[in-house]
Amino acid sequence: MKDHCVFCQIVVGTIPASPIIENDAVLAFLDIAPINPGHTLVIPKVHIAELSGLDDELGVALWRVVLRIERALRSSGIKVEGTNLFVANGATAGQEVFHSHIHVIPRLPDDGLHIRTEPGSQPSREELDWVAQKIRAAL
Ligand code: AMP
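Everything in this summary refers to the structure shown in the same document. (Residues numbered from 1 in each chain as written. Predicted model: local features only at pLDDT ≥ 70, side-chain atom pairs only at ≥ 80, totals over all residues. Heavy atoms only, no water.)

1. Observations regarding the nonpolar core
Note that soluble globular proteins tend to have their nonpolar side chains buried in a common cluster. Core analysis: the largest hydrophobic core is formed by 15 residues, its most contacted members being Val 26, Val 42, Leu 62, Val 65, Ile 69 and Val 104. Those elements that provide at least two residues to this core are strand S2 (26–30), helix H2 (56–75) and strand S5 (102–107). A per-element tally of this core places H2 first, with seven residues. Look past the residues within four positions of Val 26 in its chain and what remains in contact with it is Ile 21, Val 42, Ile 43, Lys 45, Ala 61, Leu 62 and Val 65. One finds Cys 5, Cys 8, Phe 29 and Ile 43 within the second-largest nonpolar core, a separate group that totals eight residues. (Core = buried A, V, L, I, M, F, W, Y, C linked by side-chain atoms within 4.5 Å. Buried < 20%, exposed > 50% of the residue type's maximum accessible area, 1.4 Å probe, protein only. Helix = DSSP H or I, 4+ residues; strand = E, 2+ residues; numbered from the N terminus. Contact = heavy atoms within 4.5 Å.)

Printed below as a string of structure tokens:
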């Protein structure tokens, strides 16, 4: 547990949350400022700032819970026409709480959530291949 981390405090119960599911490694609870009703955050119980800090086992455990919640939302009776699964890693990417988490966001028409407002330009195949090679080399 890290002092002053709001999500660590939710894990130990010192600040309130509306829980959805919990197991040894993972906790899911409702976002306090939802894009739409049902907006859920899935977190590791241990304090890990960004997703890149998770080992494979914990990553799989998180993803398993994300998938369960995504399915449950659709059969819950809550209005859901689609979903986005979203992760912000680092302040540049919009991360505000530095305890890693995956957003499961129910989507409705015209709900105002825009991840991108302008279409991207299309790079050449050579540029795409150069970038793909950089990533492959880092795997
Ligand atoms: P981000 O770090 O940008 O991925 O987003 C952090 C998310 O945590 C935001 O959607 C907040 O509304 C949410 N959040 C912050 N504090 C709480 C809290 N006490 N309980 C539930 N959700 C929270």
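2. Remarks on the pairing of S5
Counted residue by residue, S5 has six buried out of six residues, so it is predominantly covered. Of the two faces of S5, both are covered, the one formed by Ile 102, Val 104 and Pro 106 as well as the one formed by His 103, Ile 105 and Arg 107. Relative to S5, strand S3 (residues 40–44) runs antiparallel, the two sharing three bridges. By the bridge assignment, Leu 41 is partnered in S5 with His 103. The pairing of strand S4 (residues 82–86) with S5 spans five bridges and is antiparallel. Looking across to S5, one finds that Gly 82 is bridged to Arg 107. (Pairing = 2+ DSSP bridges.)

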